[in-house]
Amino acid sequence: MTKVLQYGEGNFLRTFVDVYFDTLSKNGQGMYEVNIVKPITFGSLERFEKQGNKYHIILRGMENGQSVENVYKVDCLKNVIDPFVDYEAYVALAKDPELKIVVSNTTEAGICFNGNDKMDSFDGITYPAKLTKFLYERYSAGLDGVYLLPVELIDNNADELKKCVDKYIELWSLSADFKKWNEEKNFYCNTLVDRIVSGYPRDEKTKAHLEELIGEKDELMSIGEPFGLWAVEKKGNIAEYIYEGVHNIEVVLTNDIGYYKKRKVRVLNGSHTNLVPAGLMLGAITVYDCMTDEKLSTFVENTLKNEIIPFVSKDIAATTVFANSVKDRFMNPFLNHQLLSISLNSISKWRARVLPSFKDYYSANGKLAPNLTIGFSYLMALYTSIVKVGDRYEVNLKNGAVEFKDDLPYLEYFAGGNSIEQFMADKNVWGEDLTAYAGFLDAVLENVAKIKKGEVLI
């Protein structure tokens with residue numbers, strides 16, 4: 001038995017990682033048991049309890065020119081643990097010798113260090129802090145290490161996670177032996193994931209159709225596309241637990257996933273992130289809506305061609321082929337990929353997914369990337385429209401008021417009416433001062449003013 005600890009119960013992990021381990025088990029390539037841990041207090045596990053940790057995913061899209069709707073029942077989930085309620089169950093996982101793999105998806109903002117975190121705390125501390133406590137329990141039990149496979153979309157995600165763990169070891173004055181154990185026994189493997197997941201159906205018609213396909217009601221069902229790629233850095237004996245080839249998703253073990261990551265983050269995620277604010281403010285609801293709108297689809301096409309693809313790799317042709325497949329995936333009529341869902345944590349996403357292309361274009365051309373600047377302007381127009389309504393942060397769009405979600409300090413900052421200039425200059429937000437790019441601040445302020453007057457910039 002190979003046991004997996006998964007930090008996060010959301011749609012993506014369940015439609016990507018869990019179905020992979022489930023497929024391996026059903027194909028006779030080992031037995032896998034996934035144990036989900038809820039990483040934050042928000043959210044309920046009631047649906048898992050109600051359904052005995054069973055659920056279905058439906059992969060909908062185009063294959064060989066034909067539309068497909070493939071249903072998979074996933075039943076590899078053993079336990080779904082709320083550590084804020086049952087901390088002992090969480091610690092028991094740390095002391096389980098059959099645990100081999102730790103997967104996490106805590107968004108780009110999740111892998112971070114906070115010098116105020118205390119080892120005797122749990123609620124409110126960062127994911128890396130929680131992980132450090134978990135690993136210390138495992139070390140104290142005299143057990144071997146694990147393979148850590150974060151899927152957060154930041155460069156060198158596992159390396160960054162390890163840096164945070166090392167900082168907590170130092171902050172909390174943990175023993176040199178534990179530090180050595182973490183260094184030698186745990187394998188932090190950088191990864192890249194690629195599958196568009198739209199999650200639970202939003203409309204009753206689709207929900208009823210899928211329940212008919214499944215043959216039962218399922219409050220945990222999740223919709224994804226047929227395409228799936230997981231590139232995993234090859235370390236230790238990981239090939240004994242993570243198998244290459246196509247097992248619902250395609251898995252690649254590699255010594256260098258840099259190209260896969262750069263290509264995916266910039267082309268797919270970057271074009272998504274640049275599109276979403278404009279799409280939302282122009283009345284679109286889904287990615288498909290954007291791709292069937294002439295102005296928005298041309299905006300995506302031109303941004304990819306001129307401002308993203310040239311800076312991914314010297315092999316422009318290969319990246320163009322991938323970009324064309326991405327556009328086809330965006331055109332998947334089944335996904336119903338909600339722009340509002342993609343907009344979660346847009347600030348950290350823009351920094352990780354779009355800023356690198358923006359910088360490369362600026363460096364190569366000595367001027368601003370026009371469409372990426374417009375995309376950022378729509379982002380700032382969106383955030384400066386945030387208002388606090390009770391405990392919610394909302395934005396009034398053409399289709400009505402919607403709740404907007406991001407890190408609380410960003411929401412509070414803009415709901416408080418603070419300036420775009422100060423925010424763009426904040427190195428803690430962007431890693432650098434964005435106003436240092438000649439003309440960027442002026443262009444953004446001018447664009448935001450036009451957007452607020454109802455002008456369309458694309």
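What you see is a predicted model; the values in this text were computed from it and never measured.

(A) Representation of the sheet that holds strand 11 (residues 222-224) in the model. Strand order in the open sheet formed by 4 strands is 4-3-11-10, and the pairing between neighbours is mixed. Edge positions in the sheet fall to strand 4 (66-74) and strand 10 (197-199), since each of these pairs with one other strand and no more. Taken pair by pair, the neighbouring strands of this sheet meet at an average axis angle of 20°, ignoring direction. The sheet contact formed by strand 3 (residues 55-63) and strand 4 spans 9 bridges and is antiparallel. Directly across from R60, in strand 4, lies its bridge partner E69. Contacts between helix 2 (residues 17-26) and the sheet are confined to strand 3 and strand 4, with strand 4 contributing the most and set at about 75° to the helix.

(B) Layout of the pairing of strand 7 (residues 147-150). On strand 7, burial covers both faces: Y147 and L149 on one face and L148 and P150 on the other are all buried. Strand direction decides the pairing type here: strand 6 (residues 99-104) and strand 7, joined by 4 bridges, are parallel. Bridged to S104 within strand 7 is P150. Taken together, strand 6, helix 5 (residues 127-140) and strand 7 form a β-α-β motif whose crossover is right-handed.

(C) Summary view of the packing of helix 4 (residues 87-94) against helix 5. At a closest axis distance of 8 Å, the pairing of helix 4 and helix 5 adopts a crossing angle of 60°. If you check the angle between helix 4 and helix 5, you find them oblique. Crossing geometry of helix 4 relative to helix 5 is assigned as right-handed. Between helix 4, through Y87, Y90, V91, L93 and A94, and helix 5, the contact on the second element is made entirely by K130, L131, K133, F134, E137 and R138. Here the contact of helix 4 with helix 5 is composed, by residue class, of 7 nonpolar, no polar and 4 charged.

(D) Local environment of the environment of S173. In this fold, S173 is placed in the loop between helix 6 (157-171) and helix 7 (176-185). According to the relative accessible area criterion, S173 is exposed, its value standing at 63%.

(E) Representation of the environment of V4 within the structure. Structurally, V4 can be placed in strand 1 (residues 2-7). Take V4: its relative accessible area is 0%, and that puts it in the buried class. A sequence separation of 73 residues divides V4 from L77, and the C-alpha atoms of the two residues are 9.4 Å apart. Not counting the four nearest positions on each side in its chain, V4 is found in contact with F21, Y32, E33, V34, N35, L99, I101 and V103.

(F) Molecular detail of helix 15 (residues 355-365). For helix 15, every residue scored as buried is listed here: L355, S357, F358, Y361 and Y362. Looking down the long axis of helix 15, one finds its buried residues gathered within 165° of arc, a one-sided arrangement. Opposite its buried face, helix 15 presents the exposed residues S363 and A364, each directed more than 90 degrees away. If you follow the buried residues of helix 15, they end up packed against helix 9 (258-281), helix 11 (294-308), helix 14 (346-353), helix 16 (370-383), helix 19 (427-430) and helix 20 (440-452). Downstream of helix 15 by one or two residues, G366 has phi in the positive range, about 70°.

(G) Region of interest: the packing of aromatic side chains. For the structure on display, the rule yields 39 aromatic pairs. The interplanar angle of 20° and the centroid separation of 5.8 Å between the aromatic rings of F178 and W181 together place this pair among those described as stacked. In this pair, F178 and W181 both sit in helix 7, 3 residues apart, roughly one turn of the helix. Residue F178 shares its accessibility class with W181, and that shared class is buried. Centre to centre, the rings of W350 and W430 are 5.7 Å apart; their planes meet at 85°, and the pair counts as edge-to-face. Of the two residues, W350 sits in helix 14 while W430 sits in helix 19, which places them 80 residues apart along the sequence. When its relative accessible area of 1% is taken as the criterion, W430 is described as buried. Positioned over the ring face of Y55 is R14, at 4.9 Å from the centre of the ring. If you follow R263 out to its NZ or CZ, it ends over the ring of F322, 4.0 Å from the centre.

Cut-offs and rules
Residues numbered from 1 in each chain as written. Predicted model: local features only at pLDDT ≥ 70, side-chain atom pairs only at ≥ 80, totals over all residues. Heavy atoms only, no water. Pairing = 2+ DSSP bridges. Helix = DSSP H or I, 4+ residues; strand = E, 2+ residues; numbered from the N terminus. Axes fitted to C-alpha atoms, helices over the stretch in contact; angles between N-to-C directions. Contact = heavy atoms within 4.5 Å. Buried < 20%, exposed > 50% of the residue type's maximum accessible area, 1.4 Å probe, protein only. Right-handed = clockwise from strand over helix to strand, strands pointing away. Parallel < 35°, antiparallel > 145°, perpendicular 65-115°, else oblique. Left-handed = near helix turned anticlockwise from the far one by under 90°. Nonpolar A, V, L, I, M, F, W, Y, C, P; charged D, E, K, R; others polar. Arc of directions from axis to C-beta. Phe/Tyr/Trp six-rings, centres within 6.5 Å; stacked < 30°, edge-to-face > 60°. Lys NZ or Arg CZ within 6 Å of the ring centre and 35° of its normal.

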